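Understanding the architecture of this molecule
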Amino acid sequence: MSKNNKAPCVMVCVTPQQSCRRLIEAGARIAKEENLPLAVISVFKEKNGFNANEGGALENLFECAKKVDANMNIYFNDSPALVVAVSAKKNNASTLVTGFPAEGSSGFIARIHEILPELPITMVDNESSEYKIIPVDKQELDKAKNLNTSSVH
């Protein structure tokens, strides 16, 4: 366990869209493979508080999370990447599952990776293909920096 003495979990970050079910399903699969609990988080801009469940998508995601025994937390904050990063750290997330960023995205995933470079991130696209950001082992990186052409055969 980490310094915070909380058992690790797989954390899924969703937005209020029906298509985010695929993220919860991918997170549930990873959590099952790793024998870890699943947590789901969503962060809304503070001004969107009253419209958070517009169209019922959020309620459907709550139901989807409940089916895979996951807790779902909703936050209202204008710095979503920071809230997700802090929550991931507090909850001892072993992996963060997100959607795949669209062209011209806000940089949400990049900001989380900057804050928590040691946290593996699995991004799931619209076809449920997975892409991973895997933390670099600093010792391996240092070794690679010291390589020169004469050390490669």
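The structure contained in this document is the topic of the report that follows.

1. As for the layout of surface pockets
Space inside the largest pocket adds up to approximately 690 Å³. Along the walls of the largest pocket sit 32 residues, with Thr15, Gln17, Gly99, Ser106 and Phe108 positioned nearest its centre. Listed by contribution, the elements that provide at least two residues to the lining of the largest pocket are helix 1 (21–34), strand 2 (38–44), helix 3 (80–90), strand 4 (93–99) and helix 4 (108–115). Ranked by residue count, the leading element in the lining of the largest pocket is helix 4, at four residues. Across the lining of the largest pocket, the residue classes break down as 16 nonpolar, twelve polar and four charged.

2. Remarks on the sheet that holds strand 4
Read across the sheet, six strands follow the order 3-2-1-4-5-6 without closing on themselves; strand pairing throughout is mixed. Of all strands in the sheet, those with a lone pairing partner are strand 3 (71–76) and strand 6 (130–133), marking the two edges. Direction aside, neighbouring strands of the sheet carry axes that sit 25° apart on average. Relative to strand 6, strand 5 (residues 121–124) is paired through four bridges, and the arrangement is antiparallel. Bridged to methionine 123 within strand 6 is tyrosine 131. Packed onto the sheet, helix 2 (residues 57–67) meets strand 2 and strand 3 and runs at close to 145° relative to strand 3. This element, helix 4, spans strand 1 (9–13), strand 4, strand 5 and strand 6 of the sheet and lies at about 170° to strand 5.

3. Structural notes on the pattern of salt bridges
One pass over the structure, following the stated rule, counts five salt bridges. Across the pair arginine 29 and glutamate 33 runs a salt bridge whose closest N-O atoms are separated by 2.7 Å. You can see arginine 29 and its partner glutamate 33 sitting in helix 1, four residues apart, about one turn around the helix. For arginine 29, a relative accessible area of 34% gives the class partly exposed. We classify glutamate 33 as exposed; its relative accessible area is 59%. Note that glutamate 130 is salt-bridged to lysine 132, the shortest N-O span being 3.5 Å.

4. Digging into helix 3
Those residues of helix 3 lying buried are Ala81, Val83, Val84, Ala85, Ser87 and Ala88. Against the buried residues of helix 3 lie strand 1, strand 2, strand 3, strand 4 and helix 4. Positive backbone phi, at 55°, marks asparagine 92, one or two positions downstream of helix 3.

5. Digging into the environment of isoleucine 24
Mapped onto the elements of the fold, isoleucine 24 is located in helix 1. As a C-alpha pair, isoleucine 24 and methionine 11 span 13 residues in sequence and 9.0 Å in three-dimensional space. Aside from chain neighbours lying at most four places away, what touches isoleucine 24 is Val12, Val14, Leu38, Val40, Leu61, Cys64, Ala65 and Val68.

6. Some details on helix 1
Between its first and last C-alpha atoms helix 1 spans 20 Å; for 14 residues at 1.5 Å apiece the expected length is 20 Å, and the two agree. Every buried residue of helix 1 is listed here: Arg22, Leu23, Ile24, Ala26, Gly27, Ala28, Ile30 and Ala31. Its buried side turned inward, helix 1 meets strand 1, strand 2, helix 2, strand 4, strand 5 and strand 6. After helix 1 finishes, the residue asparagine 35 shows a positive phi value of roughly 55°.

Thresholds applied
- Residues numbered from 1 in each chain as written.
- Predicted model: local features only at pLDDT ≥ 70, side-chain atom pairs only at ≥ 80, totals over all residues.
- Heavy atoms only, no water.
- 1 Å grid on protein atoms, 1.4 Å probe; cavity = no way out; pocket = protein on both sides within 12 Å on 5 of 7 lines; lining within 4 Å.
- Points joined across faces, edges and corners; volume = space filled by probe spheres on them.
- Helix = DSSP H or I, 4+ residues; strand = E, 2+ residues; numbered from the N terminus.
- Nonpolar A, V, L, I, M, F, W, Y, C, P; charged D, E, K, R; others polar.
- Pairing = 2+ DSSP bridges.
- Axes fitted to C-alpha atoms, helices over the stretch in contact; angles between N-to-C directions.
- Contact = heavy atoms within 4.5 Å.
- Salt bridge = Lys/Arg side-chain N within 4 Å of Asp/Glu carboxyl O.
- Buried < 20%, exposed > 50% of the residue type's maximum accessible area, 1.4 Å probe, protein only.
- Expected span 1.5 Å × (residues − 1).

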